[in-house]
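# Inside the fold
The lines below spell out each chain.
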Amino acid sequence: GDSVTQMEGPVTLSEEAFLTINCTYTATGYPSLFWYVQYPGEGLQLLLKATKADDKGSNKGFEATYRKETTSFHLEKGSVQVSDSAVYFCALISGYSTLTFGKGTMLLVSP
Amino acid sequence: GAVVSQHPSRVICKSGTSVKIECRSLDFQATTMFWYRQFPKQSLMLMATSNEGSKATYEQGVEKDKFLINHASLTLSTLTVTSAHPEDSSFYICSVRDRGREKLFFGSGTQLSVL
């Protein structure tokens, strides 16, 4: 079946550091890929998405590129802020239209 | 503001009791709601899909008699963990699909701890 693997957290960074959260997937066909974010006390929110190979999703300074050859969708941000501290979930949809999530990666950004 | 309201955010209960978790869609009619569960250090896993006015569809391995889902209206779905045991301790989160926009919105989750 479909699966999503993302790096273990927590990821601890200083403000303005570069962020990468790795995500790889296994799926049948051509999935759509997503990054969701959950800020403390809030619900999951869609951060960005990509629906086909080589697409780049971007939002709030975050980017992720759909790499079919490596089955990856790594999340990156050039300069993180304290307000980016949250849990980030990588997810996919393929065929059967329900989301398959990764374990989530907690990001902690210190001033 | 929040589109989906999920309550309670945290509950601690004794083994053998039942716990009800509510998921409300605040801004739109939700024909479909999803319930997910996450064990510590595990992926967020889909438990069941509930459609308003019909029985929920449970994923393989999820006991429907233990996890009762009621989707009685277009704005409310409830998950009841019956006769809870410590192994039911987990993070539960609901998701609703906006019928008009085909977008997904999530609740803030419920951390259940069974003693």
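Everything quoted here is computed from the prediction, not taken from an experiment.

Either a parallel or an antiparallel arrangement is found when strands of a sheet pair, and the pairing is made through backbone hydrogen bonds. Residues and elements named next belong to chain B. Sheet architecture is open: four strands sit in the order S1-S3-S8-S7, paired in antiparallel fashion. Two strands lie at the open edges of the sheet, namely strand S1 (4–7) and strand S7 (67–73), each paired on one side alone. Direction aside, the axes of adjacent strands within the sheet are offset by 15° on average. Relative to strand S8 (residues 76–81), strand S3 (residues 19–25) is paired through six bridges, and the arrangement is antiparallel. Looking at S8, one finds that valine 19 is bridged to valine 81.

Counting all residues, the mean pLDDT for chain B is 88, and 95% of those residues have values of 70 or more. Looking at the elements of chain B, mean pLDDT is at its lowest for strand S10 (residues 103–106) of chain B, recorded as 80, and at its highest for S3(B), recorded as 95.

Residues and elements named next belong to chain A. Strand order in the open sheet formed by four strands is S3-S9-S8-S7, with antiparallel pairing between adjacent strands. Unpaired on one side and paired on the other, strand S3 (19–21) and strand S7 (56–59) mark the two borders of the sheet. Each adjacent strand pair in this sheet contributes to an overall mean axis angle of 20°, direction not counted. Judged from the four bridges that link them, S7 and strand S8 (residues 62–65) form a sheet pairing that is antiparallel. By the bridge assignment, glycine 57 is partnered in S8 with alanine 64.

All right, on to the layout of surface pockets then. Estimated volume of the largest pocket: approximately 800 Å³. Taken together, 33 residues form the lining of the largest pocket, with A:Gln38, A:Val87, A:Phe89, A:Met106 and B:Gln38 sitting closest to its centre. Going through the elements one at a time, strand S10 (86–94) and strand S12 (105–110) of chain A together with strand S9 (90–98) and strand S11 (110–114) of chain B are the ones with two or more residues in the lining of the largest pocket. It is S12(A) that provides the largest number of residues to the lining of the largest pocket, a total of four residues. Split into classes, the residues belonging to the lining of the largest pocket amount to 13 nonpolar, 15 polar and five charged.

Calculation notes
- Residues numbered from 1 in each chain as written.
- Chains lettered and ligands numbered in written order.
- Predicted model: local features only at pLDDT ≥ 70, side-chain atom pairs only at ≥ 80, totals over all residues.
- Heavy atoms only, no water.
- Pairing = 2+ DSSP bridges.
- Helix = DSSP H or I, 4+ residues; strand = E, 2+ residues; numbered from the N terminus.
- Axes fitted to C-alpha atoms, helices over the stretch in contact; angles between N-to-C directions.
- pLDDT = per-residue confidence, 0-100.
- 1 Å grid on protein atoms, 1.4 Å probe; cavity = no way out; pocket = protein on both sides within 12 Å on 5 of 7 lines; lining within 4 Å.
- Points joined across faces, edges and corners; volume = space filled by probe spheres on them.
- Nonpolar A, V, L, I, M, F, W, Y, C, P; charged D, E, K, R; others polar.

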